[in-house]
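A structural walkthrough
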Amino acid sequence: MIEGRGLTYAYGATTVVRDVDVRAESGRILGLLGPNGSGKTTVVRMLTGIVTPRSGQVFLDGRPLGSFTHRALAQQVAVVLQESLGDLPMTVADMVLLGRAPHQTTFSRNGAEDHRIAASVLRRVGARHLADRVFVGLSGGEKQRVMIARALAQEPTHLVLDEPTNHLDIRFQHELLAMIRGLGITTVIVLHDLNLAARYCDDVLVLQDGDVVAHGPCADVLTAELLQGVYGVGVERLDTSRGIQFLFHPLDDESVPPAEPGHAKEKSAR
Ligand SMILES: Nc1ncnc2c1ncn2[C@@H]1O[C@H](COP(=O)(O)OP(=O)(O)OP(=O)(O)O)[C@@H](O)[C@H]1O
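Attention in this report is confined to the structure presented alongside it. Only a predicted model underlies this, so the values are computations on that prediction, with no experimental measurement involved.

1. Section: the overall build of the chain
In terms of regular secondary structure, the chain is built from 9 helices and 12 strands. Computed over its C-alpha atoms, the radius of gyration of the chain comes to 19 Å, within 12% of the 18 Å expected for a compact globule of 270 residues. Taken along the three principal axes of its C-alpha coordinates, the chain extends 65 × 40 × 35 Å. For the chain, the proportion of its 270 residues judged to be buried stands at 48%. Put simply, 64% of the contacts in the chain that link residues at least 6 apart link residues at least 24 apart. Within the chain, the 31 negative side-chain charges are centred at a point lying 9 Å from the centre of the 27 positive side-chain charges.

2. Comments concerning the sheet that holds strand β10 (residues 211-217)
The pairing of strands in a sheet happens through backbone hydrogen bonds and is either parallel or antiparallel. Taking strand neighbours across the sheet as the criterion, the 6 strands line up as β6-β7-β8-β3-β9-β10 in an open arrangement whose pairing is mixed. Across the chains shown, the open sheet's two edge strands, defined by having one partner strand only, are β6 (77-80) and β10. Averaged over all pairs of adjacent strands, the angle between strand axes in this sheet comes to 15 degrees, irrespective of strand direction. Of the strand pairs in this sheet, strand β3 (residues 29-33) and strand β8 (residues 186-190) are connected by 4 bridges, and their pairing is parallel. Following the sheet pairing, I29 is matched in β8 by T187. Contacting β3, β7 (158-162), β8 and β9 (203-208), helix α1 (residues 40-47) crosses the sheet at an angle of about 140 degrees to β3. Strands β3, β9 and β10 of the sheet are contacted by helix α9 (residues 224-231), whose axis makes an angle of about 35 degrees with β9.

3. Remarks on the packing of aromatic side chains
Applying the stated rule across the entire model yields 2 aromatic pairs. A centroid spacing of 5.1 Å and a plane angle of 75 degrees characterise the contact between Y9 and Y11, whose relative ring orientation is edge-to-face. Residue Y9 is classed as buried on the basis of its relative accessible area of 14%. Taking NZ or CZ as reference, R5 lies 4.1 Å from the ring centre of F59, over its face. When the ring centre of F68 is taken as origin, the NZ or CZ atom of R63, which lies over that ring, is 3.9 Å away.

Rules used in this analysis
Residues numbered from 1 in each chain as written. Predicted model: local features only at pLDDT ≥ 70, side-chain atom pairs only at ≥ 80, totals over all residues. Heavy atoms only, no water. Helix = DSSP H or I, 4+ residues; strand = E, 2+ residues; numbered from the N terminus. Rg over C-alpha atoms; globule rule 2.2 N^0.38 Å. Buried < 20%, exposed > 50% of the residue type's maximum accessible area, 1.4 Å probe, protein only. Contact = heavy atoms within 4.5 Å. Lys, Arg positive; Asp, Glu negative; His and termini not counted. Charge placed at Lys NZ, Arg CZ, Asp CG, Glu CD. Pairing = 2+ DSSP bridges. Axes fitted to C-alpha atoms, helices over the stretch in contact; angles between N-to-C directions. Phe/Tyr/Trp six-rings, centres within 6.5 Å; stacked < 30°, edge-to-face > 60°. Lys NZ or Arg CZ within 6 Å of the ring centre and 35° of its normal.

Now the structure itself:
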């Protein structure tokens, strides 16, 4: 479980995340949702110890994050951030092998088991054929797959992903999220696509201007009413045999009837 209590963060005098309680339950996928600039990446950076909250605290399986060494943390938590698509002049295979570092000692670098795991995770993300390519020469989507493979190579118990689908084609968006669901590990994932969130997340936390406006199971939280208020677009929610689907339209589109009121309340905080 990853838990943040009362997380607040400010850049200079500007507070961008305010008193956020967030809980990614063990073995479940928590989606972090909200418009641009609402504070999702800032929450991710606090949850993973990249930045320290101005106030509040983060716990990993009940233990304060600050009590972990870097190595112990990296053995448990793998993080893929938007800015981690670097331009390093190394091969894809070497990039993925970096994910093994938390499990290695100075004298046990990249043994046969590490190579087997690197090949296996590359296959899982559909990038085995890229192993010998230079990372910097890959497309955005290919780089994204490799960074996810590197995170999986860490064999983490917790996974934190900031917009992992933004460069991926539609088929691989689904393949990736289905694969992550199959891992069954505690996951926090920032998503902009609300249909993907509804399909693959167990729970969601919705941010608006640095405040939590809703937190709880997808089906309860993601009402048309809530989303319309948060994103400022018209939303129609369809509960289909394949799960929840949203249709969106501009608010001033008068050809579309107004959304039915949702059945869940805002602030369904746990
Ligand atoms: N380095 C920085 N210096 C100053 N302000 C920043 C910095 N990084 C982010 N911010 C501000 O903090 C707020 C929250 O940003 P954050 O990146 O957490 O939002 P987000 O929800 O992840 O946005 P997006 O969906 O656009 O990625 C925004 O107003 C942003 O402009």
